[in-house]
Amino acid sequence: MELLHVGLAAIGAGIAVIGAAIGVGKIGSSAMEAIARQPEAAGKIQTAMIIAAALVEGVALFGVVAALLGVLK
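The text that follows walks through the structure, step by step, so that each part is easy to find.

This paragraph deals with the overall build of the protein chain. Summing up its helical and strand segments, the protein chain has two helices and zero strands in all. Relative to its length of 73 residues, the protein chain is extended, with a C-alpha radius of gyration of 17 Å against a globular reference of 11 Å. Counting only C-alpha atoms and orienting by the principal axes, one finds that the protein chain spans roughly 55 × 15 × 5 Å. For the protein chain, the residues scored as buried account for 14% of the 73 residues in total.

This brings us to the environment of Ile15. Inspection of the secondary structure assignment puts Ile15 in helix α1 (residues 2-37). Here Ile15 falls in the exposed class, since its relative accessible area comes to 57%. On a C-alpha basis, the gap between Ile15 and Val64 in space is 9.0 Å, while along the polypeptide they are 49 residues apart.

Take the environment of Val6 next. Structurally, the position occupied by Val6 is in helix α1. Sequence separation of Val6 and Val56 is 50 residues, and the distance between their C-alpha atoms is 24 Å.

For the rest of this paragraph, the subject is the environment of Leu69. If you trace the backbone, Leu69 turns up in helix α2 (residues 42-71). Assessed through its relative accessible area of 55%, Leu69 is described here as exposed. Remark: the alpha-carbon pair of Leu69 and Gly7, spanning 62 residues in sequence, is separated by 13 Å.

Rules of the game
Residues numbered from 1 in each chain as written. Predicted model: local features only at pLDDT ≥ 70, side-chain atom pairs only at ≥ 80, totals over all residues. Heavy atoms only, no water. Helix = DSSP H or I, 4+ residues; strand = E, 2+ residues; numbered from the N terminus. Rg over C-alpha atoms; globule rule 2.2 N^0.38 Å. Buried < 20%, exposed > 50% of the residue type's maximum accessible area, 1.4 Å probe, protein only.

See the structure below:
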């Protein structure tokens, strides 16, 4: 039974990391397209992109920590 909990936690952590990777990839892709369309706004776009990517990574870290806490209870 304990092994099942560890496996489920690992799957949950993996899903959180994969979701974050997809999210950051979409953010980067959209930012590059926006910069290509309006090069003069590159600074503002880059700042917004970094903030959004940091928020996505924070949510992913929260998901991994929650999965580990489920195992270590």
